[in-house]
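Listed below are the residues making up each chain.
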Amino acid sequence: MANDNPAVRLRRGSDRLFPGDRAIAYVAVVLVCAVTVLPLLYMISLSLQSNAEIFAGNPVLWPAQLQFANYASLFERAPVARFLLNSFIMASLITLSHLIFDPLAGYAFAKFEFRFKRTLFIIVLATLMVPFFVRMIPIYVMFSQLGWTDSYQGLVVPFLSDAFGIFLMRQFIEPLPNTLIDAGRVDGASEWRIYRSIILPQTRAALAVLALFTFVFQWNNFLWPLVITSSTKMRTMPIGLTLFNQEYFTQWNLTAAGSVVLFVPTALLFFFTQRYLVRGIALTGLK
Amino acid sequence: MTSLATARRTGLPTRGHNRRRTLAPYAFLAAPMAFFAVLFFYPLVQELITSFYTGPRADQFAGVSNFTRAFADANMRHSFVVTFEFAAGTLVFSILIGLVLAAMLNARLKGSVIFRGILLVPYLTSIAIVGLLWRNILDPQVGVLNRLLVAAHLPTQTWLNTSPVATIVFIAVWQQVGYTTLLFLAGMQGIPESYYEAAKVDGASPWQRFWRVTLPLLAPTTLFVSVIGVISSLQEFALPYLVTNGGPGDATSLYVFRLYDVAFTFRDFGYASALSYLMLIVILILSAIQLRIGRRDHGE
Amino acid sequence: MPRSATSHSRRDALRLAGLGVAGLAGAGLAGCSRAPSTPSSNTTTSTGSGGGNKSKTFTMYWNPGHVYKAYEKVVKQFESDHGVTVNWQKYQWPDLQTKLQTDISAGTLPDLVEQPGGDTAISLALTGDLLALDPYIAKDGEKMGFPSDWQSASVRPWQHGGKTYGIQIHLTCIQLYYNKTMLHDAGVEPPSTWDELLDVGPKLTHANTYALALNQVASYSDPWFLQAGAHLYDADSKKVLTPRDKAMKALQFQHDLIYKHKFSPPPTASSDYEGPQKLLSAKRAAMILSGPWDILPIKQAGGVDLGLALPLKDAQRKTTLAGSGVVIPAKAPNPDLAWDLIKRMTALKVELAVTEEATQTMPRKSWGKQPQVKSNPVVNAIAQALPYGVDWAQELAPTGKLPQIDDAFNTLYQSVAISNADPATAMSKFDSAAAKVLG
């Protein structure tokens, strides 16, 4: 249809707010992107500066000599490869678990009526409203009695599911047409079969969104891994980074190098799932 | 057997299917709720019980005194107010900037996919790095920003000292801008073109189209951003911890930041639990209000 | 709203699956390398060895800034002498506090813990979470020289109710650090008293340089109060910051340094201490108040000929002591081993090796008399200053209210120094906050 053709739409005169508004929009967006990305470019610059430059007190914009050795030094000073592996295992396992459990609960809340549904949903949502460290110590005590301290299951189990993921999946599944489900029932399909073959395929985009947000959050999780690990070989990357702070000063170049290394996997995952994001969120029934 | 055949012909569910359907939600919820019971409800209830005790071992019964104490505690009251300012500022600017950026990107600017990606980069970065980086940049004496301003013969800034709350609001918005823009953009792209066509036929200007078509149809997205935004900014901890350490003085001593001190520095876990639950009640009320407003608008 | 049911290709599904497979592969790994641990003993495998290690594990929590090569040698020797594996975990101070709290709640304690100061140790001792070291000291004290060879002001902060709960292992103090060249060019000597500071200040303050850069951290302001003749708490009268007129004098003096004489830029609220050191390194501050922790960054930044002078004097020449110490948790699995390690790490020759390596200064009186110390001008200057040091909080720590008063004091200092609050108003706010805490 001609009306859907973006080229046609743009040529209409009544689309202009005022002459030159596109140019201003461009400038505004570029400016905002600059403010967004320049600090992180500065972080890259920090990661390549020498000790003299970071302690100097006159901030250096771009190092005189690119100290790529800082990255090597990072991997030498601490078992950073191991930290990254631990972070990856933790974030992946948790993400996988969310992808399995959150849609189950989201579907139940979205498409079924049952007693206490609203109350249960509010209670579930309420778990988002308390900071994590409120439940941290009881869980730690529980885990230490189970012998799960300093282990992968210790790292992973507290986060296998949460209200944010359930809420997101519920919002997505709710607008799906009930006729699809009813058709499945008429055909005599079991509820499980309906879920697996009718509902789940529709949620792929939302699952991609959930995977990205969950992975990023868990990748950068600091407090629980700090508390549950007690050996160097189980540490995750964010805690590993704290090793580069001396007591009273921060070794900025190494910390920045570690931060860049920490950032790379999330950036990769993001490009991986980019195409789903806008489409996925558009379909989550948030409008 | 016959009834099943009849059901297939008429499309009505059978009794057996009915029972399976009633049980189905419980089956689906069994595993997630079992998990929630052990890893959320049990620890949270345990901490709720703790809030009625005091002392570093939380073993001296204190009744509701932890709760009444919170209202008399000038420090906590101050933290509560500052946290509200922070949350309001972050929410308002996130939504405003997100809306404007989404509107611009929605107009099919060339390269908008790249811009979308760049905008999300801060969101993908660990908050620890974000906080320390901005602290480094904004330092009035030795920070990069002032160095650049000096080189450009512009006046230097001391925002960390003069406007600390505004500064951490800025950093929070900076980190979230890509996320909110993305949500609004997706919301906008889901609005059928036909609505805009109808408005144009009615002679609406682009500005009017934005107000009358885009914004109202974006209401559910705005609601989501707002509910989640309130829940998370009222619980902000990392930014005051990393950037200003609650300072200067207690200017940026946000609620959960102060709470953390109560728990781990003053070692009063009972009081800390009570404070957490008080904030929970506040957030519940605010979320309920927002959801109620959202539901009312939806009915239009 | 129409939606296409199959808008995603098989390729996309495979991509998602790929993520899942990676996760499953991780799950496979998880099964193999779970470290076994039981609640009451820390038998987690150590950093260096691979799987199948059956030797006893000794766990210690330490600050990453104090992992000196000299200590690493001692630990290695300790490992082989006792046939144990040392699990040496490093945490920043706040993280260490968090971790220790969780350990206490669950009963899974390490064997040896470094603590930033006596006051935090007393806080733990008050709740029965630390082992009293007196039996060990009775046996070995004389031989190791504790407490006779320790600076006396470094012993009391770790004591409570007549018992000793910790041993100081590093001793530092705050004194004047200055740029020799800048002072020489201005034709002045480093000031020795408050009046002399007021004299040299104008000569060292110019368009973009300051005479003395003050720190944002409230504990750097403690020495001024001591020098004026005030102290934090008087146990008899139960008053804070007393005598009040002297405390006000100190507060006002600091305020004036920044806002009246403009010798110092207003500090910036932060979570670190680096500001003044950076200004000194950038040659934008002629003097700062600091301790040996800044020596390495200043040296690495280069370009500054560093001089040290004694703490200032007003009514008296005094400064605050800092420096970490070690404690043994009450429920430590291997307390005897912990004590042995303490003895080894505090031996004089180890202290000297650490000083040599990192310019860290030490609590032994005999350390200050060694030729290695005396011949090093920087270290010797610190050794000269240490006897003027006292512990700022030792009167208050036994009340268990130190953290709350600290918090109020931090607000007091920062509002005056950073936010230019009126000292009298700020002080009365501090008083009401303190009254609420102390009752």
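Given the structure is predicted, the values throughout are model-derived calculations rather than measurements.

(A) Geometry of the overall build of chain C. Regarding its fold elements, chain C presents 18 helices and 16 strands. For chain C, with 439 residues in total, the buried portion stands at 56%. Intrachain contacts of chain C at a sequence separation of at least 6 include 75% that bridge at least 24 residues. Carbon and sulfur atoms make up 54% of the accessible area of chain C, which amounts to about 17200 Å² in all.

(B) Representation of the interface of chain B and chain C within the structure. Between chain B and chain C, the contact holds 30 residues from the first and 33 residues from the second. Note on chain B versus chain C: buried area summed over both sides is about 2500 Å², and carbon and sulfur give 49% of it. Interface area lost by chain B to chain C is led by B:Gln141, B:Phe266 and B:Arg267, which between them contribute 25%. Between chain B and chain C we count two salt bridges in total. The closest approach of N and O atoms between C:Asp129 and B:Arg267, which form a salt bridge, is 2.9 Å. Sorting the residues of the side of chain B that touches chain C by element identifies helix H4 (74–106), helix H8 (159–162), helix H12 (238–244) and helix H13 (255–264) of chain B as the ones contributing at least two each. Counted by class, the side of chain B that touches chain C contains 14 nonpolar, nine polar and seven charged residues.

(C) Just the environment of B:Val82, in detail. Residues and elements named next belong to chain B. Within the element layout of this structure, valine 82 appears in helix H4. Taking the C-alpha atoms as reference, valine 82 lies 9.9 Å from leucine 234; in sequence the two are 152 residues apart. Leaving out residues up to four positions away in the same chain, valine 82 has contacts with Val165, Ala251, Thr252 and Leu254.

(D) Region of interest: the domain arrangement of chain C. Residue and element names in this part refer to chain C. Under the domain assignment, chain C is made up of domain 1 (6–172 + 322–390) and domain 2 (174–320 + 397–438). Taken residue by residue, the interface counts 16 residues in domain 1 and 17 residues in domain 2. Surface buried jointly by domain 1 and domain 2 totals about 1500 Å² across both partners, of which 72% is contributed by carbon and sulfur atoms. Considering only the side of domain 1, the residues that lose the most area to domain 2 are Thr172, Tyr388 and Val390, jointly responsible for 36% of the buried surface there. Viewed at the interface, domain 2 and domain 1 are joined by zero salt bridges. Between the two partners, domain 1 and domain 2, sit two residue pairs in polar contact (both at pLDDT 80 or more). Residue assignment for the side of domain 1 that touches domain 2 shows that the elements contributing at least two residues are helix H4 (118–126), helix H16 (377–385) and strand E16 (389–390). Counting residues per element, the side of domain 1 that touches domain 2 draws most heavily on H16, which supplies five residues. Classifying every residue of the side of domain 1 that touches domain 2 gives nine nonpolar, six polar and one charged.

(E) Seen up close, the sheet that holds strand E14 (residues 319–322) of chain C. Residue and element names in this part refer to chain C. Spatially, E7-E14-E16 is the arrangement adopted by the three strands of the open sheet, whose pairing is mixed. Every interior strand has two partners, whereas the edge strands, strand E7 (172–173) and E16, have only one. With two bridges connecting them, E14 and E16 associate as parallel partners. For threonine 319, the partnering residue across the bridge sits in E16 and is glycine 389.

(F) Representation of the interface of chain A and chain B within the structure. Between chain A and chain B, the residue contacts involve 97 residues of the former and 91 residues of the latter. Carbon and sulfur atoms supply 78% of the area that chain A and chain B bury against each other, a total of about 8600 Å² over both sides. If you look at where chain A meets chain B, you find four residue pairs in polar contact (both at pLDDT 80 or more). Here the side of chain A that touches chain B takes 16 residues from helix H2 (residues 21–47) of chain A, the largest share from any one element. Of the residues contributing to the side of chain A that touches chain B, the split by class is 71 nonpolar, twelve polar and 14 charged.

(G) Main features of the nonpolar core. Residues A:Tyr107 and A:Trp224 are the most contacted members of the largest nonpolar core, which totals 175 residues. Sequence-distant contacts of A:Tyr107, defined by excluding residues within four places in its chain, comprise A:Phe112, A:Ile173, A:Ile181, A:Arg185, A:Glu191, A:Ile194, A:Tyr195, A:Ile199 and B:Phe28. Within the second largest apolar cluster, 59 residues are counted, among which are C:Tyr68, C:Tyr71, C:Leu280 and C:Trp339.

(H) Highlighting the domain arrangement of chain B. Taken domain by domain, chain B comprises domain 1 (2–35) and domain 2 (75–297). Each of domain 1 of chain B and domain 2 of chain B has a C-alpha centre, and the two are 44 Å apart.

(I) Up close: empty space enclosed by the protein. Residues and elements named next belong to chain C. In this structure the tally under the stated criterion is twelve cavities of 30 Å³ or more. Considering only enclosed or pocket space, the second largest cavity measures out at about 160 Å³ in volume. Along the wall of the second largest cavity there are 20 residues; nearest its centre are Leu214, Pro267, Thr268, Gly275 and Pro276. Take the lining of the second largest cavity: its biggest share by element is four residues, from helix H10 (residues 274–281). Within the lining of the second largest cavity, the residues separate by chemical class into nine nonpolar, seven polar and four charged.

(J) Broad picture of a nonpolar patch on the surface. A cluster of nonpolar side chains, A:Leu38, A:Leu41, A:Ile44, A:Leu61, A:Trp62, A:Leu66, A:Phe68 and B:Leu148, forms an exposed patch at the surface whose accessible area comes to about 770 Å². A per-element tally of the nonpolar patch places H2(A) first, with three residues. With respect to the element layout, A:Ile44 can be found in helix H2. Owing to a relative accessible area of 33%, A:Ile44 belongs among the partly exposed residues under this scheme.

Basis of the calculations
- Residues numbered from 1 in each chain as written.
- Chains lettered and ligands numbered in written order.
- Predicted model: local features only at pLDDT ≥ 70, side-chain atom pairs only at ≥ 80, totals over all residues.
- Heavy atoms only, no water.
- Helix = DSSP H or I, 4+ residues; strand = E, 2+ residues; numbered from the N terminus.
- Buried < 20%, exposed > 50% of the residue type's maximum accessible area, 1.4 Å probe, protein only.
- Contact = heavy atoms within 4.5 Å.
- Areas by Shrake-Rupley, 256 points an atom, 1.4 Å probe, with all protein chains shown as cover.
- Buried area = accessible area lost by both parts, 1.4 Å probe.
- Salt bridge = Lys/Arg side-chain N within 4 Å of Asp/Glu carboxyl O.
- Nonpolar A, V, L, I, M, F, W, Y, C, P; charged D, E, K, R; others polar.
- Domains from an automatic or database assignment.
- Polar contact = N/O pair within 3.5 Å; in protein donor to acceptor, adjacent residues only side chain to side chain.
- Pairing = 2+ DSSP bridges.
- Core = buried A, V, L, I, M, F, W, Y, C linked by side-chain atoms within 4.5 Å.
- 1 Å grid on protein atoms, 1.4 Å probe; cavity = no way out; pocket = protein on both sides within 12 Å on 5 of 7 lines; lining within 4 Å.
- Points joined across faces, edges and corners; volume = space filled by probe spheres on them.
- Patch = residues over 30% accessible without salt bridge, like charges linked within 9 Å, V, L, I, M, F, W, Y side chains within 5 Å.

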